[in-house]
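# Residue-level structure breakdown
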Amino acid sequence: MPHIAIDNGQPGISGLLALRPDTAAPLGMLADALLRDPAPMSRGERELVAAYVSRLNGTRFCEGSHSAFAAAQLDGGEELVKAALTDPSSAPLTERMRALLRIAAEVQKQAKPVSREAVAAARAAGAGDTEIHDTVLIAAAFCMYNRYVDALDTDLPEDPGYYAEGAKRIVEAGYGLES
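Residues numbered from 1 in each chain as written. Predicted model: local features only at pLDDT ≥ 70, side-chain atom pairs only at ≥ 80, totals over all residues. Heavy atoms only, no water.

Looking now at the packing of helix α3 (residues 43-57) against helix α4 (residues 60-71). α4 packs onto α3 with a crossing angle of 160 degrees between their chain directions and a minimal axis gap of 8 Å. In terms of orientation, α3 lies roughly antiparallel with respect to α4. Crossing angle aside, the handedness with which α3 passes α4 is left-handed. Taking contact as the criterion, the partners of Gly44, Glu47, Leu48, Ala50, Ala51, Ser54 and Arg55 in α3 are, on α4, Cys62, Glu63, His66, Ser67, Phe69 and Ala70. When grouped by side-chain class, the residues that make up the contact of α3 with α4 number 6 nonpolar, 4 polar and 3 charged. (Axes fitted to C-alpha atoms, helices over the stretch in contact; angles between N-to-C directions. Helix = DSSP H or I, 4+ residues; strand = E, 2+ residues; numbered from the N terminus. Parallel < 35°, antiparallel > 145°, perpendicular 65-115°, else oblique. Left-handed = near helix turned anticlockwise from the far one by under 90°. Contact = heavy atoms within 4.5 Å. Nonpolar A, V, L, I, M, F, W, Y, C, P; charged D, E, K, R; others polar.)

What follows is the structure, encoded as structure tokens:
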């Protein structure tokens, strides 16, 4: 049961955003900038970073949502995402993506500089400054989003198809209030 009254019938962050449209707008704009705007990493790769950080944080709603959003945008779909979240080192990912997930894990673990080794591995695997920057910012932002959802003890969706339906909406329209 959520810690605050969320009487709009929506689970997770969806209920919180509907409750407070004034904070939903900038949070949606941030998500769009991080996960959808043009960038060297694909939208699916950026969603995978969000899903991975959410899994590491144990935030089931965000893990489920962003896993579905990543799967809808990556070759390999759900199978690839499941493998990546379970064990990035053995998942069928590029070395660049493995290295970026390592960076994301370091950001999720603690607020201190990412190790030089992790950055060097990402660079050696072909990641540039923008990809490293974006991975750090996505990981940091999803620590915030995850804490927002879990700290208020939001509900999980009852419908198992909720995440797949959300993926259709997000892939097409993004994270703005109209989606």
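It is worth spelling out α3 at this point. With 15 residues, α3 extends 21 Å between its outermost C-alpha atoms, agreeing within 8% with the 21 Å of an ideal straight helix rising 1.5 Å per residue. In terms of residue burial, α3 counts as a mostly covered element, since 11 of its 15 residues are buried. The set of residues buried in α3 consists of Gly44, Glu45, Arg46, Glu47, Leu48, Val49, Ala50, Ala51, Tyr52, Val53 and Ser54. Buried positions along α3 lie against α2 (21-35), α4, α5 (77-86), α6 (95-109), α8 (129-151) and α9 (162-173). Phi for Gly58, located one or two positions after α3, is positive at around 75 degrees. (Expected span 1.5 Å × (residues − 1). Buried < 20%, exposed > 50% of the residue type's maximum accessible area, 1.4 Å probe, protein only.)

Attention shifts here to the layout of surface pockets. By volume, the largest pocket amounts to about 520 Å³. In this structure, the largest pocket is lined by 25 residues; those nearest its centre are Ile13, Ser14, Leu17, Ile170 and Tyr175. Of all the secondary-structure elements, those providing two or more residues to the lining of the largest pocket are α1 (12-19), α2, α4, α8 and α9. When the residues that make up the lining of the largest pocket are grouped by side-chain class, the tally is 16 nonpolar, 8 polar and 1 charged. Here the second largest pocket is characterised by a volume of approximately 280 Å³. Around the second largest pocket sit 13 residues that line it, and Ser67, Ala68, Ala71, Glu78 and Val81 are the ones nearest its centre. Counting residues per element, the ones that place at least two in the lining of the second largest pocket are α4, α5 and α9. It is α4 that provides the largest number of residues to the lining of the second largest pocket, a total of 5 residues. (1 Å grid on protein atoms, 1.4 Å probe; cavity = no way out; pocket = protein on both sides within 12 Å on 5 of 7 lines; lining within 4 Å. Points joined across faces, edges and corners; volume = space filled by probe spheres on them.)

Moving on, we come to α5. Those residues of α5 not exposed but buried are Gly77, Leu80, Val81, Ala84 and Leu85. Seen along its axis, α5 keeps its buried residues to an arc of 125 degrees; they face one direction. Away from its buried face by more than 90 degrees, α5 exposes Glu78, Glu79, Lys82 and Thr86. Against the buried residues of α5 lie α3 and α4. (Arc of directions from axis to C-beta.)

All right, on to the nonpolar core then. In this structure, Leu48, Val49 and Leu93 are the most contacted members of the largest nonpolar core, which totals 47 residues. Counting residues per element, the ones that place at least two in this core are α2, α3, α4, α5, α6, α7 (116-124), α8 and α9. It is α8 that provides the largest number of residues to this core, a total of 8 residues. Ignoring any residue separated from it by four or fewer positions in sequence, one finds Leu93 in contact with Leu48, Leu80, Ala84, Pro88, Arg98 and Leu101. (Core = buried A, V, L, I, M, F, W, Y, C linked by side-chain atoms within 4.5 Å.)

The next point concerns the pattern of salt bridges. Enumeration according to the criterion identifies 9 salt bridges in this entry. Across the salt bridge formed by Glu45 and Arg96, the nearest N and O atoms sit 2.9 Å from each other. Pair noted here: Glu45 is in helix α3 and Arg96 is in helix α6, with a separation of 51 residues, a long-range link. Accessibility classification places Glu45 together with Arg96 in one group, the buried group. The salt bridge partner of Glu95 is Arg98, with a shortest N-O separation of 2.7 Å. Here Arg98 and Glu95 lie together in helix α6, a separation of 3 residues that amounts to about one turn. You can call Glu95 exposed: its relative accessible area is 53%. Judged by its relative accessible area of 18%, Arg98 falls in the buried class. A cluster of three or more residues bridged by salt bridges with shared partners is formed by Glu45, Arg96 and Glu131. (Salt bridge = Lys/Arg side-chain N within 4 Å of Asp/Glu carboxyl O.)

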